[in-house]
Structure formats: C-alpha cells, structure tokens
Amino acid sequence: MNYLASGKLGDFIHSMIVCKYKFEQTGEPADIFLSEVGYAFEFDLNFTLKELQPVLCVQPWFNSINIYDNQPIDIDLTTWRQSPNLYKTNWLEIYSYEYLNGVKLPYEYSWISIEKDKQYENSLMINRSLKTIDDSKLYMYNDMISKYDNVYFLCFDIKQYYQFPLHYKTKLIQVTNLFDFFQKIASCKHFIGNQSGPFAWASAMNINRSVE
C-alpha cells in the first residue's frame with residue numbers, strides 16, 4: 001500500500017500509526033513516499049530518508065521508503081492537517097477519524113519497536129526542545145529526576161543540554177543518528193520532555209512518558 005508522508009519528523013512518526021494498523025487489518029506492508037506537501041522536514045529529503053530507513057526497516061509493517069515522484073498513492077498522510085478534529089482531540093483520534101473510519105484504537109498501542117539496550121533499562125531519559133520552553137514546568141523534571149539514580153539528557157544538539165536549567169543533574173548523551181535516539185528512548189524506564197519530536201517517538205513506542 002502506497003503512502004504519501006511529509007514533515008515534520010514528529011508528525012511523520014505519529015502518522016505511521018496508520019501504516020501499522022492497516023497492515024494488521026490487511027496484511028499489506030507500507031511503501032512510503034516522502035514529500036514536502038503540507039510541511040517540510042527540518043533537513044532535506046535525501047538526508048531524512050537515510051535517517052529514517054534504519055528505524056523503519058525493522059518494523060514488520062514496513063516495505064520501502066522513497067522520495068515522492070508522482071507515484072500512485074493509496075493514502076495521503078498529509079490530509080490530517082485539514083482535519084476538522086485538529087486541536088479538538090488527541091492524535092490517535094485525529095488519525096483514526098481521518099484514515100481509519102473512526103475505529104477506536106487501543107490506548108496501549110505502539111507502532112514503532114526497537115531492540116532495547118539493557119544498560120539503560122532503569123534510567124530516566126530527558127529531551128527538551130529549545131522551541132517550546134516553559135520554565136514554570138521545571139518542577140516536573142525535578143520531581144522525576146529525584147526518583148532515579150541514572151538520569152540522562154538525550155539530544156542531537158548540545159545547546160539543548162546546556163540551556164536546560166537542570167542539566168547539572170543529568171548525564172549528557174549526544175547521539176549522531178536517529179536510530180540511536182530511538183533506541184535510547186526505547187531502552188529507558190521513563191521519558192520526559194516537551195511537545196517535540198522525541199516525545200512523539202516515545203509515544204510511538206509506547207514508552208512510559210511525561211510531557212510538560
């Protein structure tokens with residue numbers, strides 16, 4: 001089944017729930033075509049494809065990923081941006097109403113699975129994007145940090161670490177690729193962050209999580 005998908009990366013990962021659910025119902029794996037219809041990715045399409053491929057290749061519902069070049073499309077995963085349910089309900093229901101005939105999706109549902117790294121199984125992972133910061137919510141992080149012996153701040157951009165006011169209570173993990181980022185989140189006991197890509201990834205893997 002051919003799917004058209006666009007950015008940003010968090011939105012893209014959210015939209016993959018449709019591919020997983022359709023595969024469970026029909027047995028048809030997903031052929032995904034990346035485009036900038038609706039919204040562009042942060043990086044160019046070739047770079048984004050190379051980063052996504054290792055994450056998607058280990059999903060049983062996935063078949064291929066390519067850049068869109070007028071291929072026939074069965075499901076356009078960019079149309080949710082015009083959904084009348086946008087800003088009125090949660091992500092699961094937005095995608096269900098738009099693409100799955102309003103079926104009630106399980107609350108405990110994951111559509112991305114990554115092999116865990118056991119050394120992080122009892123840890124707290126933190127990521128806090130620089131784009132949506134509200135320091136009145138720092139108490140959430142402080143309370144969570146106090147419950148764990150192993151606390152890590154996970155990021156691509158080291159600026160996020162140094163601009164996090166509680167960074168001195170955490171250990172820095174600066175990853176260099178998307179698969180590593182996913183695997184660290186998949187491996188932890190709990191993830192906390194703001195509303196950005198990494199929280200979407202934690203949701204896709206159904207990791208214990210908190211959001212400010």
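Before reading on, note that the structure itself is shown above.
So, here's what we can say about the structure. (Residues numbered from 1 in each chain as written. Predicted model: local features only at pLDDT ≥ 70, side-chain atom pairs only at ≥ 80, totals over all residues. Heavy atoms only, no water.)

### Section: the overall build of the chain
When you go through the chain residue by residue, the secondary structure sums to seven helices and nine strands. Relative to the compact-globule value of 17 Å for 212 residues, the chain shows a C-alpha radius of gyration of 17 Å, a close match. If you line up the chain on its principal axes, its C-alpha atoms span 50 × 35 × 30 Å. Counting all 212 residues of the chain, 51% fall into the buried class. Here the analysis covers contacts within the chain between residues at least 6 apart in sequence; of these, 67% occur between residues at least 24 apart. Of the roughly 10700 Å² that the chain leaves accessible, carbon and sulfur atoms contribute 48%. Taken as two groups, the 19 positive and 24 negative side-chain charges of the chain have centres that lie 7 Å from each other. (Helix = DSSP H or I, 4+ residues; strand = E, 2+ residues; numbered from the N terminus. Rg over C-alpha atoms; globule rule 2.2 N^0.38 Å. Buried < 20%, exposed > 50% of the residue type's maximum accessible area, 1.4 Å probe, protein only. Contact = heavy atoms within 4.5 Å. Areas by Shrake-Rupley, 256 points an atom, 1.4 Å probe, with all protein chains shown as cover. Lys, Arg positive; Asp, Glu negative; His and termini not counted. Charge placed at Lys NZ, Arg CZ, Asp CG, Glu CD.)

### Here we look at the layout of surface pockets
Approximately 1600 Å³ is the volume found for the largest pocket. Looking at the largest pocket, it is lined by 49 residues, and the ones nearest its centre are Gly-10, Asp-11, Ser-196, Gly-197 and Pro-198. The dominant element in the lining of the largest pocket, judged by the number of residues it contributes, is helix α7 (residues 197-204), at six residues. Within the lining of the largest pocket, the residues separate by chemical class into 25 nonpolar, 16 polar and eight charged. (1 Å grid on protein atoms, 1.4 Å probe; cavity = no way out; pocket = protein on both sides within 12 Å on 5 of 7 lines; lining within 4 Å. Points joined across faces, edges and corners; volume = space filled by probe spheres on them. Nonpolar A, V, L, I, M, F, W, Y, C, P; charged D, E, K, R; others polar.)

### A short note on helix α4 (residues 138-145)
Among all positions in α4, only Leu-138, Met-140, Tyr-141, Met-144 and Ile-145 are buried. Axial view of α4: buried residues confined to an arc of 155°, hence all on one face. Elements in contact with the buried residues of α4: β5 (124-127), β6 (151-155), β8 (190-193) and β9 (209-211). (Arc of directions from axis to C-beta.)

### Details of helix α2 (residues 45-57)
A rise of 1.5 Å per residue sets the reference length of α2, with its 13 residues, at 18 Å; its end C-alpha atoms lie 17 Å apart and thus fit the reference within 8%. Maximum bend of α2: about 30°, positioned at Glu-51, with proline Pro-54 one to four residues after it. Within α2, burial applies to Leu-45, Thr-48, Leu-49, Glu-51, Leu-52, Val-55 and Leu-56. In this fold, the buried residues of α2 make contact with α1 (9-26), β2 (30-34), β3 (62-67) and α6 (178-187). (Expected span 1.5 Å × (residues − 1). Bend = angle between axes of the 7 residues up to and from the residue.)

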